[in-house]
Amino acid sequence: MRVVVGTVGTRGDVQPCLALAKGLQRAGIDVVMATHEDFGEWIGRHGVPFRPVFGSFRKLVESDVGREWLESADSPRRYMKAFEQLFGPLLRSWVEDAVRVTADADAVVFYPMASGFLVGAEKHRIPAVGVAFFPWVPSGDLGGLVLPPWMTPLPSMRRWSGRFFHRLMAKPFLAGFQEYRRELGLEPIAHKSVPEHMFARGIPHLHLFSEHVVPRPRDWEPWAQVTGYCPLDEGDGFEPTPELKRFLEAGPPPVYVGFGSMTGRDPADLARIVRGD
């Protein structure tokens, strides 16, 4: 059995999927990892076969539009404008990539943000499983990702807020997505977002976080589960450089603040904020 594990985004979106892929390998499953070319060497070091899709995410977020997108979280209008400018031109090529790399698969496990993998699964008539790193399925127990909690005091409002998030993210791309589905001989989805299409079909969703951090909502269907984190074993081969050893031994334990790839245009100002200057 061959399973393609597909994801999109930064290392934070890739590492849990790589840990999951290695777990599937240990269970005797033939696994292929499909994501951005930036991660190919790293994935290969873990012994997981790799198929590049979606180009370089690092180059995307380091572009002017990419920086604008990363820094616009305080303004939904700016965020959506930059989001559409950054990813809109890539939609078709990304879906084509996902359909291509799933052609020989028996099943697909994918981060739902990379909805092209669902198109691949439906085109090739194979099962699909979604994996999410935060509560992806709307619930009356949880607030949405767009509106503040005080605006959604009732469970029905919180469920609506969750659906609104998915529809907001899908709106700029839905027409092109539907058109490409028709070209592939697939029925257009009958919903206002791909996640709602997945929910209606009862496609399994595995949420890779701990119930001790976010308890599983009481109103989720059985196909939506919380599995726990998927930590990646990087092995015991790390050895700090002499310079790093001297730094660590020179004084009290340091406090490290990291941002991964989610940095801004002005690192000096960011450093000032972290230091509390």
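Before reading further, recall that the structure is shown in the block above.
Let me sum up the structure you'll find in this document. Just so it is clear, the model here is predicted, and its values are computed rather than measured. (Residues numbered from 1 in each chain as written. Predicted model: local features only at pLDDT ≥ 70, side-chain atom pairs only at ≥ 80, totals over all residues. Heavy atoms only, no water.)

**Structural notes on the overall build of the chain**
Looking only at helices and strands, the chain has twelve helices and seven strands in total. For 277 residues, the compact-globule estimate of 2.2 N^0.38 gives 19 Å, and the C-alpha radius of gyration of the chain, at 20 Å, lies within 12% of that figure. Seen along its three principal axes, the alpha-carbon backbone of the chain occupies a region of about 65 × 50 × 40 Å. Here the chain holds 277 residues, and 43% of them are scored as buried. In the chain, of all internal contacts separated by at least 6 residues, the share reaching a separation of at least 24 is 55%. As presented, the chain carries roughly 15,300 Å² of accessible surface, and 57% of it is formed by carbon and sulfur atoms. Within the chain, the 33 negative side-chain charges are centred at a point lying 5 Å from the centre of the 32 positive side-chain charges. (Helix = DSSP H or I, 4+ residues; strand = E, 2+ residues; numbered from the N terminus. Rg over C-alpha atoms; globule rule 2.2 N^0.38 Å. Buried < 20%, exposed > 50% of the residue type's maximum accessible area, 1.4 Å probe, protein only. Contact = heavy atoms within 4.5 Å. Areas by Shrake-Rupley, 256 points an atom, 1.4 Å probe, with all protein chains shown as cover. Lys, Arg positive; Asp, Glu negative; His and termini not counted. Charge placed at Lys NZ, Arg CZ, Asp CG, Glu CD.)

**Let's talk about the state of the cysteines**
In the structure shown here, the tally under the stated rule is zero disulfides. Here C17 is not cross-linked by a disulfide; its sulfur's nearest cysteine counterpart is in C230, at 8.4 Å. Owing to a relative accessible area of 0%, C17 belongs among the buried residues under this scheme. Classification of C230 as partly exposed rests on a relative accessible area of 22%. (Disulfide = S-S within 2.5 Å.)

**A look at the packing of helix α6 (residues 91–101) against helix α9 (residues 174–183)**
Between α6 and α9, the shortest axis-to-axis distance is 10 Å and the interhelical angle comes to 40°. Overall, the two elements α6 and α9 adopt an arrangement that is oblique. With respect to the hand of their crossing, α6 and α9 are arranged in right-handed fashion. Residues L91, R92, V95 and E96 of α6 form the contact with α9, whose own contacting residues are G176, F177, Y180 and E183. Of the residues belonging to the contact of α6 with α9, the class tally is four nonpolar, one polar and three charged. (Axes fitted to C-alpha atoms, helices over the stretch in contact; angles between N-to-C directions. Parallel < 35°, antiparallel > 145°, perpendicular 65-115°, else oblique. Left-handed = near helix turned anticlockwise from the far one by under 90°. Nonpolar A, V, L, I, M, F, W, Y, C, P; charged D, E, K, R; others polar.)

**Describing unusual backbone geometry**
Residues apart from glycine generally show negative phi values, whereas peptide bonds are mostly found in trans. The backbone of F54 shows a phi angle near 70°, a positive value even though the residue is not glycine. By secondary structure assignment, the location of F54 is in the loop between β3 (50–52) and α3 (57–61). Relative accessible area serves as the criterion here: at 5%, F54 is assigned to the buried category. Despite not being glycine, R125 has its phi angle at roughly 60°, a positive value. In this structure, R125 sits in the loop between α7 (116–124) and β5 (128–132). In this structure R125 comes out as exposed when scored by relative accessible area, which is 79%.

**Comments concerning the layout of surface pockets**
Empty space within the largest pocket amounts to approximately 1,100 Å³. Lining the largest pocket are 40 residues, and of these W69, Y79, F83, M113 and M169 sit closest to its centre. At the level of elements, α1 (11–26), α4 (64–70), α5 (76–87), α6, α8 (155–170), α9 and α10 (194–201) are the ones that each hand at least two residues to the lining of the largest pocket. Tallied by class, the residues present in the lining of the largest pocket amount to 32 nonpolar, seven polar and one charged. (1 Å grid on protein atoms, 1.4 Å probe; cavity = no way out; pocket = protein on both sides within 12 Å on 5 of 7 lines; lining within 4 Å. Points joined across faces, edges and corners; volume = space filled by probe spheres on them.)

Any functional reading would require information that these geometric values do not contain.
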